Amino acid sequence: ATRDPTFFRLHKYMDNIFKEHKDSLHPYTHKDLDFGGVSVESLGVEGELKTYFENYEFDLRNAVDSAAGIEEVEIHANVHRLNHNDFSFVADVNNNNDNEVLGTFRVYLCPEYDNNGEQFDYSNGHWHCIEMDKFWKKLSPGGNHIVRKSKESSVTVPDVPSFQSLIDAADKAVSDGSTFEMHDFERACGIPERMFLPKGQKNGMEFALILAITDGSIDFVHSDPDSEHGGTHSHCGAHGETYPDKRPMGFPLDRSIPDRRVLDETTNIKLTHVRVFHDEHEHDGSHDH
């Protein structure tokens, strides 16, 4: 009942209880956060972080009732919705160990200002961040150049294919004996790909971009580190497996870190500043699949 203000009052009440619990826990120390021998030398974005509104056409044929003897008609709805340009997270990571290591990559985007235009005081150790991605990567000894596309994020899901596209794909598979592939739509949960970025501003909205790489041999609970587990692990875990990993959601920013030097002296965590822009011109979106 998200239109009921009472819902949000209850939600905030429960959130505050959870926050009190988190604040009662001992802050993370350098030892808790450190990944020995691993250092993030640089962190940035390839491509401009830019949002825009588009007109998108949905196929509603499967949303209405039909009856025998009545010819089906195409029904579409135009939706004004937020989207963004494609981009990639890029990082240069040094593995100063003599052997290959498995790293858990956690990417966060943290607003610099609140809704009143007041700058967040992160010196108090409380972070207000959204998880952008989480994935595992093997790091070879020496330098490693990491590129992670926005569409590869484990916290997002693509648009659901239309009913007509499913019929066409099924008919094609039957006629030519091909395989009916739907692997791109197996994710059990996640936010829409098009809402991956928060709406920016014409002159740019300031955010802190944070990358934390932790020891995957400690975090990892799945059988295959090369698998994305259908992309559902970041929010829901994997089928038949434990929680996404052995760390709490939001780690290492889920607890207060009152001493900023703990983060500054941890080489496997990197913070940089980025801007999210907004194109005020309306775009013509692609039609529903």
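What counts, and where the lines are drawn
- Residues numbered from 1 in each chain as written.
- Predicted model: local features only at pLDDT ≥ 70, side-chain atom pairs only at ≥ 80, totals over all residues.
- Heavy atoms only, no water.
- Helix = DSSP H or I, 4+ residues; strand = E, 2+ residues; numbered from the N terminus.
- Contact = heavy atoms within 4.5 Å.
- Polar contact = N/O pair within 3.5 Å; in protein donor to acceptor, adjacent residues only side chain to side chain.
- Pairing = 2+ DSSP bridges.
- Axes fitted to C-alpha atoms, helices over the stretch in contact; angles between N-to-C directions.
- Disulfide = S-S within 2.5 Å.
- Phe/Tyr/Trp six-rings, centres within 6.5 Å; stacked < 30°, edge-to-face > 60°.
- Buried < 20%, exposed > 50% of the residue type's maximum accessible area, 1.4 Å probe, protein only.
- Lys NZ or Arg CZ within 6 Å of the ring centre and 35° of its normal.
- pLDDT = per-residue confidence, 0-100.
- Salt bridge = Lys/Arg side-chain N within 4 Å of Asp/Glu carboxyl O.

Trainee: I'm lost on the overall build of the chain in this one. Help?
Mentor: Within the chain, the secondary structure is distributed over 6 helices and 11 strands. Within the chain, contacts between residues at least 6 apart in sequence are counted, and of these 81% link residues at least 24 apart.

Trainee: Would you take a moment to explain unusual backbone geometry for this structure?
Mentor: Trans peptide bonds make up most of the peptide bonds, and negative phi angles are found at most residues other than glycine. Looking along the chain, the bond that leaves Phe 251 and enters Pro 252 is cis, with omega of 5°. Within the element layout of this structure, Pro 252 appears in the loop between α5 (233-236) and α6 (261-264).

Trainee: How should the environment of Arg 275 be read in this particular structure?
Mentor: Along the chain, Arg 275 falls in strand β11 (residues 269-287). Separated by 226 residues in the primary sequence, Arg 275 and Leu 49 have C-alpha atoms spaced 6.9 Å apart. From its side chain, Arg 275 meets the backbone oxygen of Asn 203 in a polar contact 3.2 Å long.

Trainee: Looking at this structure, how should I read the sheet that holds strand β1 (residues 38-46)?
Mentor: Strand pairing in a sheet takes place through backbone hydrogen bonds and is either antiparallel or parallel in direction. Spatially, 3 strands are ordered β1-β4-β7 in an open sheet, and the strand pairing comes out antiparallel. The open sheet has two edge strands with one neighbour each: β1 and β7 (142-149). The average angle at which neighbouring strand axes cross in this sheet is 15°, direction not considered. Of the pairings in the sheet, the one linking strand β4 (residues 88-95) to β7 comprises 8 bridges and is antiparallel in character. Opposite Ala 91, over in β7, you have Ile 146 as the bridge partner.

Trainee: Where do I start with the state of the cysteines in this structure?
Mentor: Here a disulfide denotes a covalent bond joining the sulfur atom of one cysteine to the sulfur atom of another. For the coordinates displayed, the defined rule picks out 1 disulfide. Paired by a disulfide, Cys 110 and Cys 129 hold their sulfur atoms 2.0 Å apart. Here Cys 110 and Cys 129 share a disulfide; its torsion about the S-S bond, 100°, makes the bridge right-handed. Within this pair, whereas Cys 110 is found in strand β5 (residues 101-111), its partner Cys 129 is found in the loop between β5 and β6 (130-139), the two being separated by 19 residues in sequence.

Trainee: It is not clear to me how the packing of aromatic side chains should be interpreted in this structure. Could you clarify?
Mentor: Within the structure shown, the criterion is met by 7 aromatic pairs. Ring centres of Phe 7 and Phe 8 lie 5.0 Å apart, and the angle between their planes is 85°; this geometry places the pair in the edge-to-face category. When the ring of Phe 105 is compared with that of Phe 135, the centres are 4.9 Å apart and the planes differ by 15°; the resulting orientation is stacked. Here Phe 105, found in strand β5, pairs with Phe 135, found in strand β6; they are 30 residues apart in sequence, far enough to count as distant. You can call Phe 105 buried: its relative accessible area is 1%. It is Arg 81 that lies over the ring of Tyr 56; its NZ or CZ is 3.5 Å from the centre. Sitting over the face of the ring of Phe 135, Arg 148 holds its NZ or CZ atom 4.2 Å from the ring centroid.

Trainee: What should I look at first to understand the confidence of the model for the chain in this one?
Mentor: Low pLDDT marks regions whose predicted coordinates should not be analysed in detail. On average, residues of the chain score 85 in pLDDT, and 89% of them reach the 70 mark or higher. Confidence, expressed as mean pLDDT per element, reaches its minimum in the chain at α5 with 65 and its maximum at β4 with 97.

Trainee: Explanation requested: the side chain of Asn 144 in the structure shown.
Mentor: Following the sequence through the fold, Asn 144 ends up in strand β7. Of note is the side chain of Asn 144, whose polar atom sits 2.9 Å from the backbone oxygen of Ser 140. In this structure the side chain of Asn 144 is engaged in a polar contact, spanning 3.1 Å, whose partner is the backbone oxygen of Gly 142. Those residues in contact with Asn 144 that lie beyond four places of it in its chain are Ala 91, Asp 92, Val 93, Asn 95, Lys 138 and Leu 139.

Trainee: For this particular structure, what's the right way to read the environment of Gly 37?
Mentor: Its location among the elements puts Gly 37 in the loop between α2 (30-33) and β1. Owing to a relative accessible area of 28%, Gly 37 belongs among the partly exposed residues under this scheme. Measuring from C-alpha to C-alpha, the distance between Gly 37 and Asn 96 comes to 4.8 Å, with 59 residues separating the pair along the chain. Dropping the residues within four chain positions of it, Gly 37 is found in contact with Asn 94, Asn 95, Asn 96 and Asn 97.

Trainee: Would you mind showing me how to read the side chain of Glu 112 here?
Mentor: By the element assignment, Glu 112 lies in the loop between β5 and β6. Within polar-contact distance, the side chain of Glu 112 engages the side chain of His 273 at 2.5 Å. Sequence-distant contacts of Glu 112, defined by excluding residues within four places in its chain, comprise Glu 118, Gln 119, Phe 120, Glu 206, Phe 207, Ala 208 and His 273.

Trainee: What should I look at first to understand the pattern of salt bridges in this one?
Mentor: Note on pairing: side chains with opposite charge can pair once their charged atoms come close. Here the structure, examined in full by the defined rule, presents 13 salt bridges. A salt bridge links Glu 48 to Lys 50; the nearest nitrogen and oxygen atoms lie 3.4 Å apart. Residue Arg 148 is joined to Asp 133 by a salt bridge in which the shortest nitrogen-to-oxygen separation is 2.7 Å. One end of the pair, Arg 148, is in strand β7; the other, Asp 133, is in strand β6, and 15 residues separate them in sequence. The pair formed by Arg 148 and Asp 133 is uniform in burial state, with each residue classed as buried.

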